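Read off the chains here:
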Amino acid sequence: MSRDIIIGIDAGTSVIKSVAFDLSGRQLDMASVPNAYTSGPGGAVTQSLSQTWRDCAATLRGLGEQIPDLPARVAAISVTGQGDGTWLVGKDNAPVGDGWLWLDARGGALAETLRNRDDDVERYRSTGTGLNACQQGVQLAHMKANSPEQLDAAECAFHCKDWLYLNLTGVRATDPSEACFTFGNFRTRTYSDDVIRLLGLKSHQHLLAPICDGTATTHGLSEAAAAETGLLAGTPCSLGYVDIICTTLGGGGYLPGQDTGCTIVGTTGVHIRCKPVPDVHLNPEERTGYVMVMPTIGQTAQLQTNMAGTLNIDWVLDLAADVCSAVGADTEPAQLIGRVEQWMAESLPGGLIFHPYISEAGERGPFIDHTARASLIGLSTAHRFADLVRAAIEGLSMASRDCYEAMGGVPDHVTLTGGAARSDSLRATLSATLGASVRRSTRAEAGAAGAAMMAAVANGIYPDMETCVQEWVTPLLTEAEAPDATLAALYDRLYPEYVASRETVRPIWATLAQRRSVL
């Protein structure tokens, strides 16, 4: 029987998925398990390493139950997953405590201290990445200062996908994208001793895993992993890049020869511009965003990320559900999503300014401030619930433009991925706010597809990534939707007020944070 299937694993924050694709990129089937993490004091958000691997193995076994003769048909496996965070292992690859997720806010104050040092400019110019509490560098520095016994017991520091790759292959490794934006230089794709020193981690440099590029190097599925997953030992495995990069790749954010951006409309808002290394636009004054290398020679993805994307819409719908519940009309927020288009039609554009900083971890794009909080400006008795829904969507769109402007400007076209991108009104609002045409990727699982594309290149199924993109990605893009000229003019006038009001209210965030700390 021919090996005609590639499996892409995507271990996200909410769900772990194993997705089967044929060699031309058509999705065949998927198995998933809900993810679980725990919130704790001081902003802690952690996840069990052992349970995460068990859940991943369960998705692979589930896929085998759905696809006939799967083990013999698998040509390759690749894994990606949620970015940032710190997953420590010690002797015999045993977990050292639970993994710290990107949601963990314990390092917020330390990140601010490090970022305010004069020598942080040097670190930023190397990595292209602004410091925030999400990152492994900050989290390791926080552990060093507050719980050194954790680091003393550890032999290697991983990210989520690295931990899963260790369980699949027995190999300790991390990928170039996560390694360089945290500890390295995006120009050389290597660790930087200077960056590690500036983070105060020279004494713990031994914890950093070797860098492995999954488009060039594979390792065989171990006997132990084969027993747990039902797949065949020796099946080639690729370590994918971080999930944002794989989603960019699989979702149409990297289209060679086109001025294209990619916005992931998900729990967080992610805005990406793929650029050759010489074209990267850094902002050393604010020192925000990320620069991540792509699984293509000489290409980077420059990112600005909002801590909260559709979480803002969820919050508005939660308010409605709470009111319904209070009067005995129990309604789940998910039931209200279908009414969003109607509420948008019932409201007038541009009537309110909403800053979508709803996350308790603050904001990281296009500025970094762990005390940032959402605000609503312009409210009067004339406004109704529909106006709140519109304000949330317009606020997300304004935040998107804010992020693209910090990367050197809005591209000609933006590809949208994420479930919310199916909303006609959201796409229209985003397109008009950006002043750019938008198109949507119909790819259901872009992150898993991007990981699988890396395995396809690594195993010679395609000669290079550009050829793979032409077959796996381009046919799944919808026609471009041009911005409505009248709406675009309105939002163009509103955007400077959005930025100005954000700057005006910013000093109040710190004051409120101080008050919360003594309650």
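Let me sum up the structure you'll find in this document. Predicted model only: the values in this text are computed from it and were never measured.

With that out of the way, let us pick up the nonpolar core. The biggest cluster of nonpolar side chains holds 45 residues, and the ones touching the most others in it are Leu249, Ile272, Leu303, Met453, Met465, Val469 and Trp472. For this core, the elements supplying multiple residues, two or more each, are strand 2 (15-22), helix 11 (243-250), strand 14 (260-265), strand 15 (269-276), strand 16 (290-293), strand 17 (299-306), helix 17 (446-458) and helix 18 (465-472). Sorting elements by how many residues they give to this core places helix 17 first, with nine residues. Other than its neighbours up to four places away in sequence, Trp472 contacts Ile6, Phe21, Asp22, Leu23, Ser24, Gly25, Arg443, Ala449, Ala452, Met453 and Tyr462. Counting 39 residues, the second-largest nonpolar core is a separate cluster that includes Leu60, Val74, Ile77 and Trp87.

In this fold, Lys275 is placed in strand 15. With a relative accessible area of 9%, Lys275 lands in the buried category. Along the backbone, Lys275 and Gln299 are 24 residues apart, and their C-alpha atoms lie at a distance of 5.8 Å. Residues within four places of Lys275 in sequence aside, it is in contact with Val280, His281, Gly298, Gln299, Thr300, Gln302 and Met407.

Time to look at helix 7 (residues 160-169). Where burial is concerned, most of helix 7 is hidden: ten out of the ten residues are buried. Turning to helix 7, its buried residues number three or more, namely Cys160, Lys161, Asp162, Trp163, Leu164, Tyr165, Leu166, Asn167, Leu168 and Thr169. Immediately downstream of helix 7, the backbone of Gly170 shows phi near 80°, a positive value.

Here we come to the sheet that holds strand 4 (residues 38-40). Taken together, the three strands give an open sheet; going across it, the order is 4-5-8, and neighbouring strands pair in antiparallel fashion. Among the strands making up the open sheet, the edge pair consists of strand 4 and strand 8 (99-100). Two elements, strand 4 and strand 5 (residues 44-47), share three bridges in a ladder whose sense is antiparallel. Residue Thr38 lies in a different strand from strand 5, and its bridge partner there is Thr46.

With that settled, consider the environment of Val138. With respect to the helices and strands, Val138 occurs in helix 5 (residues 136-146). Using a relative accessible area of 0% as the deciding quantity, one classes Val138 as buried. On a C-alpha basis, the gap between Val138 and Thr169 in space is 28 Å, while along the polypeptide they are 31 residues apart. Residues contacting Val138, with those up to four places away along its chain left out, are Gly107, Leu110, Ala111, Leu131, Asn132 and Ala133.

Under the definition given, this model contains 24 salt bridges. Of the charged contacts, one joins Arg197 and Glu122 as a salt bridge, the two residues approaching to 3.7 Å between their closest N and O atoms. With Arg197 in helix 9 (residues 193-198) and Glu122 in helix 4 (residues 120-127), the pair connects residues that are 75 residues apart, well separated along the chain. A residue is classified by how much of its surface remains accessible, and Glu122, at 37% relative accessible area, is partly exposed. The salt bridge partner of Asp259 is Arg273, with a shortest N-O separation of 2.2 Å. You can see Asp259 sitting in the loop between helix 11 and strand 14 and its partner Arg273 sitting in strand 15, a full 14 residues away along the chain. The exposure class of Arg273 is buried, given its relative accessible area of 11%.

A few words on the pairing of strand 6 (residues 74-81). Counting buried positions over the eight residues of strand 6 gives eight, a clear majority of the element. One ladder, built from seven bridges, connects strand 1 (residues 5-11) with strand 6; its direction is parallel. Bridging from a neighbouring strand, Ile7 pairs with Ile77 of strand 6. Note that strand 6 and strand 13 (residues 236-239) share three bridges and pair parallel. Across the sheet, Ser78 pairs through a bridge with Ser238, a residue of strand 13.

Interaxial distance between helix 15 (residues 385-406) and helix 16 (residues 424-434) falls to 9 Å at its minimum, and their mutual angle equals 40°. The pairing of helix 15 with helix 16 is recorded here as oblique in orientation. Crossing angle aside, the handedness with which helix 15 passes helix 16 is right-handed. Residues Ile393, Glu394, Ser397, Met398, Ser400, Arg401 and Tyr404 of helix 15 form the contact with helix 16, whose own contacting residues are Leu426, Thr429, Leu430, Thr433 and Leu434. Its residues assigned to classes, the contact of helix 15 with helix 16 comprises six nonpolar, four polar and two charged.

Below, the discussion takes up unusual backbone geometry. Following Gly365, the chain continues into Pro366 via a peptide bond in cis, with omega recorded as 5°. One can find Pro366 in the loop between strand 18 (353-355) and strand 19 (375-377). Located in the positive-phi region is Asp69, a residue other than glycine, with phi close to 55°. Counting through the fold element by element, Asp69 comes out in the loop between helix 1 (49-66) and helix 2 (70-73). The class for Asp69 is partly exposed, based on a relative accessible area of 48%. Phi is positive for Arg287, close to 55°, though the residue is something other than glycine. Relative to the helices and strands, Arg287 resides in the loop between strand 15 and strand 16. For Arg287, a relative accessible area of 11% gives the class buried.

Here we come to the packing of aromatic side chains. Within this structure, the stated rule accounts for eight aromatic pairs. Pairing Tyr357 with Trp509 gives two aromatic rings, centres 5.7 Å apart and planes at 85°, and the pair type is edge-to-face. In this pair, Tyr357 is assigned in the loop between strand 18 and strand 19 and Trp509 in helix 19 (residues 485-517), connecting sequence segments 152 residues apart. An identical accessibility class is assigned to Tyr357 and Trp509; each is buried. A network of ring pairs unites the aromatic residues Tyr357, Phe367 and Trp509 as a single cluster.

A few words now on the packing of helix 15 against helix 19. As a packed pair, helix 15 and helix 19 sit with axes 10 Å apart at the nearest point and diverge in direction by 80°. Considering their axes alone, helix 15 and helix 19 lie roughly perpendicular with respect to each other. Contacts between helix 15 and helix 19 involve Arg390, Glu394, Gly395, Met398, Ala399, Arg401, Asp402 and Glu405 on the former and, on the latter, Tyr491, Asp492, Leu494, Tyr495, Tyr498, Val499 and Arg502.

Bringing the sheet that holds strand 12 (residues 219-220) into the picture now. In space, the six strands of this open sheet follow the order 3-2-1-6-13-12, with mixed pairing throughout. Among the strands making up the open sheet, the edge pair consists of strand 3 (27-34) and strand 12. Strand direction decides the pairing type here: strand 12 and strand 13, joined by two bridges, are antiparallel. Looking at the pairing, Gly220 lines up with Pro236 of strand 13.

About the cut-offs
- Residue indices begin from 1 for each chain and proceed along its sequence in written order.
- Local features in this predicted model are restricted to residues whose pLDDT is 70 or higher, and side-chain atom pairs enter the listing and the counts only when it is 80 or higher, whereas totals over whole chains, interfaces and linings include all residues.
- Hydrogens and waters are ignored; side-chain quantities use all the structure's heavy atoms.
- The criterion is simple. A nonpolar core is a set of buried Ala, Val, Leu, Ile, Met, Phe, Trp, Tyr and Cys residues joined through side-chain atoms within 4.5 Å.
- Each residue's exposure class comes from its accessible area (1.4 Å probe, protein chains only) as a fraction of the maximum for that residue type: buried when under 20%, exposed when over 50%, partly exposed otherwise.
- Segments assigned H or I by DSSP are reported as helices when at least four residues long, segments assigned E as strands when at least two residues long, and all are numbered from the N terminus.
- By the convention used here, residues are in contact when the closest approach between their heavy atoms is within 4.5 Å.
- A pair of strands is labelled paired if DSSP reports no fewer than 2 bridges between them.
- The term salt bridge refers to a pairing of a side-chain nitrogen on Lys or Arg with a carboxyl oxygen on Asp or Glu at a separation within 4 Å.
- Fitted lines through C-alpha atoms serve as axes, helices being fitted only where they are in contact, and the angles separating the N-to-C directions of these axes extend from 0 to 180 degrees.
- For classification purposes, angles smaller than 35 degrees are called roughly parallel, those larger than 145 roughly antiparallel, those between 65 and 115 roughly perpendicular, and all remaining angles oblique.
- In this scheme the crossing of two helices becomes right-handed for a clockwise turn of the near helix relative to the far one and left-handed for an anticlockwise turn of less than a right angle.
- Under this grouping Gly is polar, as are all residues other than the nonpolar Ala, Val, Leu, Ile, Met, Phe, Trp, Tyr, Cys and Pro and the charged Asp, Glu, Lys and Arg.
- Stacked, tilted and edge-to-face pairs are distinguished by plane angle, under 30 degrees for stacked and over 60 for edge-to-face with tilted covering the rest, among Phe, Tyr and Trp rings (Trp via its six-membered ring) whose centres lie within 6.5 Å.

These figures come from the coordinates and say nothing about function on their own.
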